[in-house]
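Chain by chain, the residues:
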Amino acid sequence: MDFSPLSLLPPLIAIAFALMTRAVIPSLLIGIGVGELLLASLHPVDALTKTIEDVVKLLSEAWILKSLLFAMLIGAILTLTVQSGGVGAFVSWLTQKKGLVQSKRGALLLGYLLGIVIFIESTITSLVVGAITRPLAGRFGASPAKVSYLCDATSAPVCSLLPLNGWGALLLVLITSSIAAQNNITPLEILIASLPYNLYAIATLVVLLAVIITGRDVGPMAKSEQRFSQEQIEHDHALLPTKITRISDMLWPIGWMLALTLIYLWIDGSGNMLKGSGTNAIFYAVISTIFLSWLYYVIWVKRFSNKEFFTHVKDGVVSMSSMGLILLLAFGLAAVIKELETGRYLASLITTQIPSWALPALLFAIAALTSFATGTSWGTFSIMVPIGIDIAFGGGLSPALMVGAAVAGGVFGDHCSPISDTTIISSMAAGCDHIEHVRTQLPYALLSALFALVGYLLIGWLKQ
């Protein structure tokens, strides 16, 4: 299909409907249907048939099926840590025994530090930060919306700034393929030099830290925090056992999940974790963690009977089933958008008529629009990084600056698009309504994007 403004309709319609109606699943289905209608040359019967077939076909993709399964199985692990009393013990230890966390600010700062330290993979960051911070921050009155913002803002931004992970591996491949004819500079040099130019990720972490320290919220987030009354806190943690047990009941499963993710990344990458598949690693780590949890809770400490253990596993999986369906439909919309070449159309909007000093800002803006519309940072990187490098060498600009701008734009969508898998998983990890998460964090994301845009304009002007 030729590049066309019509290719923007599916994601824009899906996002608009989701924000207006707060009904994510129907909105995603409508977006997919509109895309399939365009692909079927406006034949409604063909479009309906292909929509159903394509959504079903997604389940034959191994990485998608694994993503759905680990997203729901994570619910089992979180439920087990809560029902065992481990979460309650951890909260009590931090707040009463050690007095390390005595306020909402302290709880959120702990989550902030965890998000920076755990940069293995964006999904793992969101899940671990959510599991630890949600009950702790909730005790001091932080709403699920605030915790989900914390999870999301420390996932993709941190992983892109500390690229000793799959993110770095992808960027190195893209940079290497784009500078084949340039012998005076190495891909690793460009990647490292581009990190300070990832202005959106840096601005996001600064804005988040400022929000945590000052305790001031704006827009929908302020209203969400005000609505989160003590009764809601108690209801949100109704599953916490009254009898507090051992911290190890929470730390062991989370520790196993983290350690096994690293091990499986190393195995999948044949000794090089950067080459390992994050989806495979997390999937097998979660499966293994559930097995080890059975040994721990049922055989070793006898916290649960066999029946109780599997009841909690079932309840945890069921609690995440709606998020799993949202994730599946988000993948479906991404597939339609890719077939319509929406990203390439947006990339084609960059023209040679723009002054060179404005190109970094323009590249960031186009990458941000692409990632927000498509919900994928990696897909945006794959399109925008080569374009940025070509523009840099053709216009005498710094390739590191252009790579940084392209990556920053990609991170924007990964961070705040309603159809991004990271955004969905952050909502899930914090127990927050998905659209509430999107609406409450969007003002902060737009503020960070504005800081980044101004930064690129200034840098471009100073470097001309």
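A brief structural summary. (Residues numbered from 1 in each chain as written. Predicted model: local features only at pLDDT ≥ 70, side-chain atom pairs only at ≥ 80, totals over all residues. Heavy atoms only, no water.)

What about the overall build of the chain?
Helix and strand counts for the chain stand at 24 helices and 0 strands. At 22 Å, the chain has a C-alpha radius of gyration in line with the 23 Å of a compact globule built from 464 residues. Dimensions along the principal axes, computed over C-alpha positions, put the chain at roughly 70 × 55 × 50 Å. Per-residue burial for the chain yields a buried fraction of 55% across its 464 residues. The long-range share in the chain, meaning contacts at least 24 apart out of those at least 6 apart in sequence, stands at 78%. (Helix = DSSP H or I, 4+ residues; strand = E, 2+ residues; numbered from the N terminus. Rg over C-alpha atoms; globule rule 2.2 N^0.38 Å. Buried < 20%, exposed > 50% of the residue type's maximum accessible area, 1.4 Å probe, protein only. Contact = heavy atoms within 4.5 Å.)

Observations concerning the packing of aromatic side chains
Note on aromatic pairs: each is described by the distance of the centres and the angle between the planes. Counted under the stated rule, the structure contains 14 aromatic pairs. Their ring planes at 45 degrees and their centres at 5.9 Å tell us that Y264 and Y284 sit as a pair that is tilted. Linking Y264 in helix α15 (residues 248-268) with Y284 in helix α16 (residues 278-300), this pair joins segments that are 20 residues apart in sequence. Taken together, the ring pairs connect W252, W256, Y296, Y297, W300 and F304 into an aromatic cluster. (Phe/Tyr/Trp six-rings, centres within 6.5 Å; stacked < 30°, edge-to-face > 60°.)

Some points on helix α23 (residues 421-430)
In terms of residue burial, α23 counts as a mostly covered element, since 9 of its 10 residues are buried. Regarding α23, the residues found buried are T422, T423, I424, I425, S426, S427, M428, A429 and A430. Sitting at the head of α23, S420 places a side-chain oxygen 3.3 Å from the backbone nitrogen of T422. (Polar contact = N/O pair within 3.5 Å; in protein donor to acceptor, adjacent residues only side chain to side chain.)

A few points about the environment of L28
Relative to the helices and strands, L28 resides in helix α2 (residues 24-39). In this structure L28 comes out as buried when scored by relative accessible area, which is 3%. Put simply, L28 and L458 are 430 residues apart on the chain and 38 Å apart in space, counted from C-alpha to C-alpha. Non-local contacts of L28, meaning those with residues more than four positions away in its chain, are made with A14, I326, L329, A330, L333 and I419.

Some details on the pattern of salt bridges
If the charged atoms of two oppositely charged side chains come close together, the side chains can form a pair. In this structure the tally under the stated criterion is 9 salt bridges. Here E225 and K104 are joined by a salt bridge, their closest N and O atoms 2.7 Å apart. Residue E225 is located in helix α13 (residues 219-227), and its partner K104 is located in helix α6 (residues 104-117); the two are separated by 121 residues in the primary sequence. Exposure remark for K104: the relative accessible area of 25% places this residue in the partly exposed category. One salt bridge in this structure joins R227 and E436, with 3.0 Å as the shortest N-O distance. Of the two residues, R227 sits in helix α13 while E436 sits in helix α24 (residues 434-463), which places them 209 residues apart along the sequence. A single salt-bridge network, built from bridges that share partners, covers E36, K50, D54, K57 and E339. (Salt bridge = Lys/Arg side-chain N within 4 Å of Asp/Glu carboxyl O.)

Focus on a nonpolar patch on the surface
Together, L262, I263, W266, I267 and M273 line one region of the surface with nonpolar side chains, adding up to about 470 Å² of accessible area. Mapped onto the secondary structure, W266 falls in helix α15. (Patch = residues over 30% accessible without salt bridge, like charges linked within 9 Å, V, L, I, M, F, W, Y side chains within 5 Å. Areas by Shrake-Rupley, 256 points an atom, 1.4 Å probe, with all protein chains shown as cover.)

Nothing here speaks to function; it is all geometry.
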